[in-house]
Every structure is written in structure tokens, then in C-alpha cells.
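As a plain string of letters, each chain reads:
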Amino acid sequence: MSDQIKFIVDNLNKEPFRKNYNLITFDSLEPMQLLQVLNDVLAEIDPKQVVDIREEMPEQTAKRMLSLLGILKYKPPGNATDMSTFRQGLVIGSKPVIYPVLHWLLQRTNELKKRAYLARFLIKLEVPSEFLQDETVADTNKQYEDLMEAFKTLHKECEQLKTSGFSTAEIRRDISAMEEEKDQLIKRVERLKKRVETVQNHQRMLKIARQLRVEKEREEFLAQQKQEQKNQLFHAVQRLQRIQNQLKSMRHAAADATPESLMKRLEEEIKFNSYMVTEKFPKELENKKKELHFLQKVVSEPAMGHSDLLELESKISEINTQINQLIEKKMMRNEPIEGKLSLYRQQASIISRKKEAKAEELQEAKEKLANLEREVSVKTNQTREFDGTEVLKGDEFKRYVSKLRSKSTVFKKKHQIIAEFQAEFGLLQRTEELLKQRHENIQHQLQTIEEKRGISGYSYTQEELERVSALKSEVDEMKGRTLDDMSEMVKKLNSLVSEKKSALAPIIKELRQLRQKCQELTQECDEKKSQYDSCAAGLESNRSKLEQEVRGLREECLQEESRYHYTNCMIKNLEVQLRRATDEMKAYVSSDQQEKRKAIREQYTKNIAEQENLGKKLREKQKAVRESHGPNMKQAKMWHDFEQLMECKKQCFLKQQSQTSIGQVIQEGGEDRLIL
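Keep in mind the model is a prediction, meaning the values are calculated, not measured. (Residues numbered from 1 in each chain as written. Predicted model: local features only at pLDDT ≥ 70, side-chain atom pairs only at ≥ 80, totals over all residues. Heavy atoms only, no water.)

With that out of the way, let us pick up the overall build of the protein chain. Each helix and strand in the protein chain was counted, giving 19 helices and 2 strands. Looking at the 676 residues of the protein chain, the share that counts as buried comes to 11%. Within the protein chain, contacts between residues at least 6 apart in sequence are counted, and of these 55% link residues at least 24 apart. A total of about 58,300 Å² of accessible surface is found on the protein chain, and carbon and sulfur atoms cover 57% of it. (Helix = DSSP H or I, 4+ residues; strand = E, 2+ residues; numbered from the N terminus. Buried < 20%, exposed > 50% of the residue type's maximum accessible area, 1.4 Å probe, protein only. Contact = heavy atoms within 4.5 Å. Areas by Shrake-Rupley, 256 points an atom, 1.4 Å probe, with all protein chains shown as cover.)

Our focus in this paragraph is helix 4 (residues 58–71). Helix length check: helix 4 (14 residues) gives 20 Å between terminal C-alpha atoms against 20 Å at 1.5 Å per residue, within 8%. Every buried residue of helix 4 is listed here: Glu59, Thr61, Ala62, Arg64, Met65, Leu68 and Leu69. With its phi angle positive at about 65 degrees, Lys73 sits one or two positions after the end of helix 4. (Expected span 1.5 Å × (residues − 1).)

As a further point, take the side chain of His155. Mapped onto the secondary structure, His155 falls in helix 9 (residues 135–164). Assessed through its relative accessible area of 17%, His155 is described here as buried. Other than its neighbours up to four places away in sequence, His155 contacts Lys114 and Leu118.

Helix length check: helix 3 (residues 31–45), at 15 residues, gives a terminal C-alpha distance of 21 Å against a target of 21 Å (1.5 Å per residue), a fit within 8%. Taken residue by residue, helix 3 has Leu34, Leu35, Val37, Leu38, Asn39, Val41, Leu42, Ala43 and Ile45 as its buried positions.

Residues Leu12, Phe26, Leu38, Leu72, Leu102 and Leu105 are the most contacted members of the largest nonpolar core, which totals 32 residues. Of all elements in the fold, only helix 1 (2–13), helix 3, helix 4, helix 5 (80–92), helix 6 (95–107) and helix 7 (109–122) reach the threshold of two or more residues within this core. At 8 residues, helix 6 tops the list of elements feeding residues into this core. Apart from residues no more than four positions distant in its own chain, Leu105 is found in contact with Leu38, Val41, Leu42, Ile45, Leu69, Leu72 and Leu112. (Core = buried A, V, L, I, M, F, W, Y, C linked by side-chain atoms within 4.5 Å.)

Charged atoms that come close allow side chains of opposite charge to pair. Summed over all chains, the structure comprises 12 salt bridges. In this structure, the salt-bridge partner of Glu311 is Lys315, at a minimum N-O distance of 4.0 Å. Here Glu311 pairs with Lys315, and both are found in helix 13 (residues 306–332), just 4 residues apart, close to one helical turn. Its relative accessible area of 42% is what places Glu311 among the partly exposed residues. Given a relative accessible area of 43%, Lys315 falls into the partly exposed group. Here Glu361 ties to Lys358 by a salt bridge, and the two come within 3.8 Å at their closest N and O atoms. (Salt bridge = Lys/Arg side-chain N within 4 Å of Asp/Glu carboxyl O.)

Read these as spatial facts, not as claims about activity.
The structure is reproduced here in C-alpha cells:
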């Protein structure tokens, strides 16, 4: 509790509150002042809560605070019975109720500001169903819901842009670069237009080029459609082959198997599937959910710098050291019973790991089998497409080998013919190269002649026109073919439609009778539904009226109950104060000295006298210390000097002792001798 109060006081002394409280002044606040502090904190989160509590009724204050705390998703401790005590404590300004609320609000102020801001736009107004039957009200409610959804999307985009790290300078740079590219492209287009305008019949050529481009786009679109239809056909064939293979395998298994083996196989499959569904898949799903939650948390956080990463690494290393210490303590504290249990746990974990490994191996084997079956089906399809026959087996394969031997001789002969053709092809290639060189020389001469005559580019434009006309003729031929195909398809469809009509004629007759019955039943249903709707609307209106009355009566009951609790608490406080005052008066007026000594006034006077005597003694002691301070300091200095002198003498004595222990120096005849 003391840590909680310290945290509240520290945060209230900071910006933007600046309350200048300490622990004593904050703890001595009256209930009204404490409620005002709570209201100031709520006003910082939601500016609509700026109210002077003295000008507001207690019930309105409690109702307003409870509604805002509900929007902020504050959960008071305890169960439903504690909720009434929480409301009562909020009305009277009880410290055990308000301190946790302040601690919770000050811990997450920025988050709650955002939640309060969003609550103004995202709390849906509940419109009664009888009002929604009106078209104007229903349209307005729908517009309101659409605007709410639009606000959600815009707010998400705004938050993503804030956290994405895009800068306006980069965007402006990109826009300027794109504008420059646009200007360059416009200039290039203008230059090309000027070059084209000098050519004769440029408008006609541009029109033909435009038509050619449109036809090419259409050709690409038709080719894409053809490829899509081929892919769909290929997938359908693959699906059909897969189903046929499954049918063959099931028939083969049913032909060779007995009921006991089938039951055994089904039981094994059920066990494996139940294990996968109940144990493995939930674990994997839980792990994936944790990874997703972690990644969403990482994405929602802002970009981290090098200092933040270093701080996280230091925290991780500290937590790892703590974990290692706890593991060592646990290992040192292990008892023999726990050792046995640890053995069983290890065995159980090893078995579960083996079980998971085998399940994964089985799953991989099933996937490999499915892949191999798919490859076999693809290979069989390829062989069938290539030769039109299935894979050969047994005698058919031997006959196929004999055919291949006979064909190999034919192949060798054909190979010789191909070699002759290749040699001839080499000669023709060489002649083609020579002709190309001659053609280039002629073209060069033609260009020089055109330049001399002033008609440069004439031959090139003529070739282009011929090429365009050839392409147009090819496109026209393709159109004719597509039209023929379409006419054939229309004929086929008409024949199919006529067949289907003849087949569906008796069914349509039955359907007409059923439609008549359906119309009669729908009329009856509409009549019954209208009666039901009118009855339900009347009952619903009565129910809504009763609900409103009950709601109003409940609110009145709650207000009266809160007023009763408030007045009851005030009466109890006044009774306690009155009892203390009467006891004090009795003790003060009574003639008995012991009773007088029990009085609070006498106790305070006695404490004051004791403190005054203690103060006198301390002042005298302070005076004596001040008078003896100078001599005592001199004496301490003298003792310090004396201590240094004695230490120096001690060092000299020890040095002399060490010299005499080694030997003795004697002076004789002007010489020094060392005697050991």
C-alpha cells in the first residue's frame, strides 16, 4: 500500500498535475478533496470531465465517474457483492477504493487518453427495435454505422502511417522525381510527333498502328483465356485421375481385406487422427497463436534504436542469470521423492517426444506417398498424351520392346537421311548468308540513292506497310476461323437446348402445379405473418414501456440507496465524534484525578511539558558542546600529532632491529667493518 501511495504522489507532483503533495499531506486529504483529485486525473484523460465536485450532487459525480471507468474498462477487485461496496466507496470518497483507481489510471495515462478519444466515436448508440421500423430512422442508423466503420479504417491507417516511419521529405522527393519523368516523357512524345508529321500519310499509318495494337491486345487476351481454360481442364483431369486412383485402391483393398483387418486399420487411423486432433494440432495452433501475438506486438511497437536493443539484451542476460540461479537452487533443494518424480517426468517427456517424432515421421511418409502417387499419375498422363496408351506391363511390354527393335532399324536409316539433309542445310545456310550480305549491300546502295533523290525512308515505309497488311490479313483469317468455331458452338448449344427442353417438359408441368400450391401457401404465410407482426409489435411496445419504467425505478432506487448509505456513514462519523467529545467533557469535568489524566487535553499538556523539558536539556547540552568545541579540537589535534610521532618512532625502532639482526658495523682506523 505504501508503494502504491508513493507512486501516486510522485505522478501527481509531475506534469501536468503539479500538486506538490508529500505522503503525509496526501494521506491526510479529506474524502471531498480526494474525489476532486480523482476527478482531475479523469479530466486529464477526458477533457469533458472538468467539473468542480462541490457544485455537483454526489450521485451525479459517482454516476459520471462510473460510466467513464466502464468505458476505460476498469475492473474493480472482487465479485458482484464488492461492486456495491465499490460504488458506495466512490460516493463517500473512501481511500481503499480511490487509491487503486488512481494507481491504475496513472500507470497507463497515454493509453487511456487514446481509449477515451476513440470511445467518443466508437460507442454505439442502442436504438430500440420499434424505432428502427421507421425508414428514416433505419437509414440514419445505417449511415451512422457506415461512418463508424469508416472512422475505424481511417484511424488504423493513421496509426500505421505514424508507426511506419515514412517522412514527408521522401514523399516530396518521389513526387518531384515523378514529375520530372513526366515532363521528360511529354517532351519525348512531342519530338516523336514532330518526326512523324514529316512522313507522308502519317495519319493513316497511325490509325493502322492503333488498330494493330488493339488487335494484339485482343490476341493476348484470347491467348490468356485459352491458357486459363487449358489450366482448368488440366486440373479437372488431374482431379478425375486422383479420384479414379483412390477408387481403384479402395476396391483393391476391399477385395483383399477381411472385416477384421479393415476394422483394425480403421482403429489405427482413428487413433492416429485423434492424436493429431487432440494433442499435436492444438499444440501447434497454440504455438502459432503465440508467434502471431508476439509478431503483432512487435509490429505495433515503434522502431527501436541501437540503445533500445542494448537495453533489451542486458535485460535478457539478467533474466537468464536469475533463471540459472533459480535452477541451481531447485537442484540443491531437490528431495529424494522429487528425484523419483523427476525420473518419471523425464521418462514421460521422452515418450511424448518419441510419440511426436513418430507422428511427424508418419505424416511425412503420408505426404511422400501422396507426392509419389501424384508424380505417378502425372507420368502416366504424360505417357498417355505422348503415345495415347497406358503404361505397359508383362507381355505387352515385351511386344513393345520387339516393336522398338524393328523401329530402331528404321530410325538408323532415317538418321542417315537426316545427316544428308543437315549437310545440305549447311550449304543452304552459307548461301543464305551470302544472299543476306548482297541484300544489305543493295539496301545500302538503295538508301544512298534515296538520299540523293530526296526520298529517304521510302523503302522502309513500304516494307512496314506490307508487313502491317500481312499481319492484318492474318488477323482477319483468325477472326474468320473464330467466327466459324462460334457458329458451330451455337449450333451445338441449340441442339443441346432443344434436347434439354424436351426432357424437362414433364418436369415443368409438375413444377407449375407445385408453384400454384406454393403461391397459396405463401399467401397464408403472409397473412399469418402480418397477424404475428402486429401482435408482436403491440407486445414489444408494452414491453419497452415496462422496461423504461423498471429502468427509471431502478435508477431511483440506486440513487436513494446511495443517498441512504452516504447519510448513514455521515451519521456514524458524527456519532463517533460526539461520543469522543462527551467522553472528553466527562473526563475534564470529573473530580477524579485519574479520569482527568485519561483526558486527551491532559495527555497533550503532559506531552508538551515533557518535550519542553527535553528541549531545555538539549539546548544546555548544545551550549556546553559549543563552549568545549575549541579546546577539544586542539586536544584532538595534539593526540593526532602524538600518534604520528609514536608511529614514526615505531618504524625507526623496527628498522634498527632489522639492521642489527643482519650484522654489526665497527669503525677502526678510519675503516668500517661489518661483523656477522
